[in-house]
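As a plain string of letters, each chain reads:
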Amino acid sequence: MVGQNPEVGDIQLLREIYLSPDPIVTAKEIAERTDYTRQAIRYRFNKLIEKGYLEKREVGSRAVVYWLSDEGERQIIEG
């Protein structure tokens, strides 16, 4: 299944966002830092949004940015 690499768990993806120098990230940025395609990262990010760990906003006709929700930050601190 797309985006289901057991070597990169949810917490690790959340940490990649948390460690970003910017408060927002794109799927492309995280794909470049992990062993995923942009499509797979978007799939994983959508699952994290469903869990309440991420939020997103469309900022252009095709551009989407993501950031940690308060719950996502708690997952990093506690998890």
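This text goes with the structure placed above it.
This one's a predicted model, so the numbers in the text were calculated from it and none came from an experiment. (Residues numbered from 1 in each chain as written. Predicted model: local features only at pLDDT ≥ 70, side-chain atom pairs only at ≥ 80, totals over all residues. Heavy atoms only, no water.)

For the rest of this paragraph, the subject is the packing of helix α1 (residues 10-18) against helix α4 (residues 70-78). The geometry of α1 relative to α4 is characterised by a closest axis approach of 10 Å and an angle of 110° between their N-to-C directions. For the element pair α1 / α4, the angle class is roughly perpendicular. The residues of α4 that touch α1, namely those facing I11, L14, R15 and Y18, are G72, Q75 and I76. (Axes fitted to C-alpha atoms, helices over the stretch in contact; angles between N-to-C directions. Helix = DSSP H or I, 4+ residues; strand = E, 2+ residues; numbered from the N terminus. Parallel < 35°, antiparallel > 145°, perpendicular 65-115°, else oblique. Contact = heavy atoms within 4.5 Å.)

On to the side chain of T34, then. Relative to the elements of secondary structure, T34 occurs in the loop between α2 (27-33) and α3 (38-50). With relative accessibility at 15%, the residue T34 sits in the buried group. Apart from residues lying up to four places away in sequence, T34 is in contact with L13, E16 and I41. (Buried < 20%, exposed > 50% of the residue type's maximum accessible area, 1.4 Å probe, protein only.)

Below, the discussion takes up the packing of α1 against α3. Between α1 and α3, whose axes approach to 11 Å, the crossing angle comes to 100°. For the element pair α1 / α3, the angle class is roughly perpendicular. Residues D10, L13, L14 and I17 of α1 pack against I41, R44, F45 and L48 of α3. Grouping the amino acids of the contact of α1 with α3 by side-chain chemistry returns six nonpolar, no polar and two charged. (Nonpolar A, V, L, I, M, F, W, Y, C, P; charged D, E, K, R; others polar.)

By the definition in use, this model includes five salt bridges. A salt bridge links R33 to E16; the shortest N-O distance between them is 3.1 Å. Placement of R33 in helix α2 and of E16 in helix α1 is noted, with a sequence separation of 17 residues between them. The class for E16 is buried, based on a relative accessible area of 19%. The partner of K47 in a salt bridge is E50, with the nearest N and O atoms 3.9 Å apart. Taken together, the positions of K47 and E50, both in helix α3 and three residues apart, correspond to about one turn of that helix. On the basis of relative accessibility, which here comes to 62%, the residue E50 falls in the exposed class. Taken together, the shared-partner salt bridges connect D10, R44 and K51 into one network. (Salt bridge = Lys/Arg side-chain N within 4 Å of Asp/Glu carboxyl O.)

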